[in-house]
Amino acid sequence: QVQLVESGGGLVRPGGSLRLSCAVSGFTFSASDMYWYRQAPGKERELVAEINNTGNYRRYADSVKGRFTISRDNAKSTLYLQMNSLRPEDTAVYFCNSDWTISIDYWGQGTQVTVSS
């Protein structure tokens, strides 16, 4: 059974930090390129960050570059997103995914991040 379980979201002040986690099961995590997406109310999902299977290649959306860091622990089949210097416009539901699960239109429940004073 394929599972993508996001966690670590919450309510934070502007300028604060959060670390999101994505626990993966049901496919070979270490062979999979991974992604973080986010979706704000009324908006389409947008790609925030991506990382290749070994973790030696990373890319970020311009809006988060320099503030967010994507990483992975292949031994734990877990993907991470460290978010620093958070802004209100970062408020969204954050989803992880892989190339393979995107291809079958599978999405987990996401984790809510709210940045507010």
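Scroll up for the structure.
Only a predicted model underlies this, so the values are computations on that prediction, with no experimental measurement involved.

Chemist: Just checking my understanding: could you explain the nonpolar core for this structure?
Modeler: W36, F68, L79, L81, M83 and Y94 are the most contacted members of the largest nonpolar core, which has 27 residues in total. Secondary-structure elements contributing two or more residues to this core are β3 (18-25), β4 (34-39), β5 (46-51), β7 (68-73), β8 (78-83), β9 (92-98) and β10 (111-115). With four residues, β3 is the largest single contributor of residues to this core. Setting aside residues no more than four positions away along its own chain, L79 makes contact with L20, S21, C22, F29, M34, Y35, W36, I51, I70, S71, R72 and C96.

Chemist: Please explain the packing of aromatic side chains as it appears in this structure.
Modeler: Two aromatic rings are characterised by how far apart their centres lie and by the angle between their planes. One pass over the structure, following the stated rule, counts four aromatic pairs. Arranged with centres 6.5 Å apart and planes meeting at 70 degrees, the rings of F27 and W100 form a pair that is edge-to-face. Here the residue F27 occupies a position in the loop between β3 and β4, and W100 occupies one in helix α1 (residues 99-103), the gap between them amounting to 73 residues. Residue class for W100 comes out partly exposed when judged on its relative accessible area of 37%. A ring pair is formed by Y35 and Y37, whose centres lie 6.4 Å apart and whose planes are at 50 degrees; its orientation type is tilted. We note that Y35, like Y37, is buried. Grouping aromatic residues by their ring pairs yields a cluster made of Y35, Y37, F95 and W107.

Chemist: It is not clear to me how the pattern of salt bridges should be interpreted in this structure. Could you clarify?
Modeler: When their charged atoms lie close together, side chains carrying opposite charge are able to pair. For the structure shown, the criterion picks out three salt bridges. Across the salt bridge formed by R38 and D90, the nearest N and O atoms sit 2.9 Å from each other. Remark: D90 occurs in the loop between β8 and β9 and R38 occurs in strand β4; sequence separation between them is 52 residues. Judged by relative accessible area, R38 falls into the buried class, the value being 5%. Several salt bridges converge on common partners, so that one network encompasses R38, E46, R67 and D90.

Chemist: Sorry, what's going on with the sheet that holds β4 here?
Modeler: For sheets, the rule is that strands pair by backbone hydrogen bonds, running either parallel or antiparallel. If you trace the six strands from one edge of the open sheet to the other, you get β2-β10-β9-β4-β5-β6, paired in mixed fashion. With partners counted over all chains shown, the strands left at the sheet margins are β2 (10-12) and β6 (58-60), one partner each. On average, each strand axis in the sheet is inclined to that of its neighbour by 25 degrees, with strand direction left out of account. Where β4 lies against β9, six bridges are found, and the strand directions are antiparallel. Paired with M34 across the two strands is S98, which belongs to β9.

The rules behind the values
Residues numbered from 1 in each chain as written. Predicted model: local features only at pLDDT ≥ 70, side-chain atom pairs only at ≥ 80, totals over all residues. Heavy atoms only, no water. Core = buried A, V, L, I, M, F, W, Y, C linked by side-chain atoms within 4.5 Å. Buried < 20%, exposed > 50% of the residue type's maximum accessible area, 1.4 Å probe, protein only. Helix = DSSP H or I, 4+ residues; strand = E, 2+ residues; numbered from the N terminus. Contact = heavy atoms within 4.5 Å. Phe/Tyr/Trp six-rings, centres within 6.5 Å; stacked < 30°, edge-to-face > 60°. Salt bridge = Lys/Arg side-chain N within 4 Å of Asp/Glu carboxyl O. Pairing = 2+ DSSP bridges. Axes fitted to C-alpha atoms, helices over the stretch in contact; angles between N-to-C directions.

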